[in-house]
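One letter stands for each residue in the lines below.
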Amino acid sequence: MTGETIGVGLAVLVGLVSLWAGAREARLQIRLSRSGLHAAGVVVDQEHEPGDDSSTPVIEFTDRQGRPVRFRPPMMATGLSLGTQVPVAYLPERPRSARVFTRKYRLYRIVGLFFGAMLWFGVAAGVVFTH
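Residues numbered from 1 in each chain as written. Predicted model: local features only at pLDDT ≥ 70, side-chain atom pairs only at ≥ 80, totals over all residues. Heavy atoms only, no water.

Q: What is the right way to read the sheet that holds strand β4 (residues 85–91) from this model?
A: Neighbouring strands of a sheet are bound in pairs by backbone hydrogen bonds; such pairs are parallel or else antiparallel. Taken in spatial order, the 5 strands make up an open sheet running β3-β2-β1-β4-β5, and their pairing is antiparallel. The sheet is open, and its two edges are formed by β3 (68–71) and β5 (94–100), each paired on a single side. Ignoring which end each strand starts from, the neighbouring axes of this sheet average 40° apart. (Pairing = 2+ DSSP bridges. Helix = DSSP H or I, 4+ residues; strand = E, 2+ residues; numbered from the N terminus. Axes fitted to C-alpha atoms, helices over the stretch in contact; angles between N-to-C directions.)

Q: What's the story with the nonpolar core in this structure? I'm lost.
A: In summary, soluble globular proteins display a tendency toward joint burial of nonpolar side chains. Among the nonpolar cores identified, the biggest contains 12 residues, and these are Ala39, Val43, Ile59, Phe61, Val69, Phe71, Leu80, Val86, Val88, Tyr90, Ala98 and Val100. Counting residues per element, the ones that place at least two in this core are β1 (37–48), β2 (55–62), β3, β4 and β5. It is β4 that contributes the most residues to this core, 3 residues altogether. Discounting residues that sit within four places of it in the chain, valine 43 has contacts with Pro57, Val58, Ile59, Leu80, Ser81, Leu82, Gly83 and Thr84. Leu28, Ala89, Leu91 and Phe101 belong to the second-largest nonpolar core, a separate cluster that totals 5 residues. (Core = buried A, V, L, I, M, F, W, Y, C linked by side-chain atoms within 4.5 Å. Buried < 20%, exposed > 50% of the residue type's maximum accessible area, 1.4 Å probe, protein only. Contact = heavy atoms within 4.5 Å.)

Q: Just to check I follow, could you spell out the packing of aromatic side chains for this structure?
A: The way to describe two aromatic rings as a pair is by their centre distance and the angle between their planes. Inspection of the entire model under this criterion finds 2 aromatic pairs. Between phenylalanine 61 and phenylalanine 71 the ring centres are 6.0 Å apart and the planes differ by 70°, which places this aromatic pair in the edge-to-face class. Pair noted here: phenylalanine 61 is in strand β2 and phenylalanine 71 is in strand β3, with a separation of 10 residues, a long-range link. Just as phenylalanine 61 is buried, phenylalanine 71 falls in that class too. For the pair phenylalanine 61 and tyrosine 90, a centre-to-centre distance of 4.9 Å together with 35° between the ring planes defines the contact as tilted. Residue phenylalanine 61 is located in strand β2, and its partner tyrosine 90 is located in strand β4; the two are separated by 29 residues in the primary sequence. Tyrosine 90 matches phenylalanine 61 in its accessibility class, with the two residues each being buried. (Phe/Tyr/Trp six-rings, centres within 6.5 Å; stacked < 30°, edge-to-face > 60°.)

Q: Mind showing me how you'd approach the pairing of β2 here?
A: Side-chain positions along a regular strand alternate between the two faces of the sheet. Pairing of β1 with β2, which is carried by 6 bridges, proceeds in the antiparallel orientation. Bridging from a neighbouring strand, glutamine 46 pairs with proline 57 of β2. Counting the residues between successive antiparallel strands, the hairpin from β1 to β2 contains 6 residues, one of them, glycine 51, with a positive phi of roughly 75°. The pairing of β2 with β3 spans 4 bridges and is antiparallel. The partner of glutamate 60 across the bridge, within β3, is arginine 70. Hairpin geometry of β2 and β3 is characterised by an intervening segment of 5 residues between the two adjacent antiparallel strands and by a positive phi of about 85° at glycine 66.

Shape is all these values report; function is a separate question.
What follows is the structure, given as structure tokens:
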């Protein structure tokens with residue numbers, strides 16, 4: 001196997017994983033829209049990775065049993081500073097799979113994952129067709 005073949009294979013694999021993740025997130029968003037419960041959440045913390053300038057908000061809400069639930073949005077959640085209130089949707093059986101439930105954040109992750117998939121497929125096609 002050549003390095004080029006391995007590179008194309010890896011690019012296709014990453015594209016497929018991104019496509020799968022986008023489809024999974026879209027399916028979750030549909031379930032949240034149809035049967036998810038809604039709550040008011042608030043950003044209670046900001047987690048910083050060492051050597052990274054960005055931070056990940058930690059959002060807390062109270063589920064329908066009155067229990068506090070904390071979660072981290074699975075994407076870069078820009079504009080969510082400490083104390084920001086956000087609408088949250090969650091599945092009753094999986095409250096930690098909650099998502100920020102605004103149009104911007106519902107679409108942002110799905111579009112980003114599908115764009116990422118197309119980018120990696122494009123890299124693979126570019127390598128194949130330029131050689």
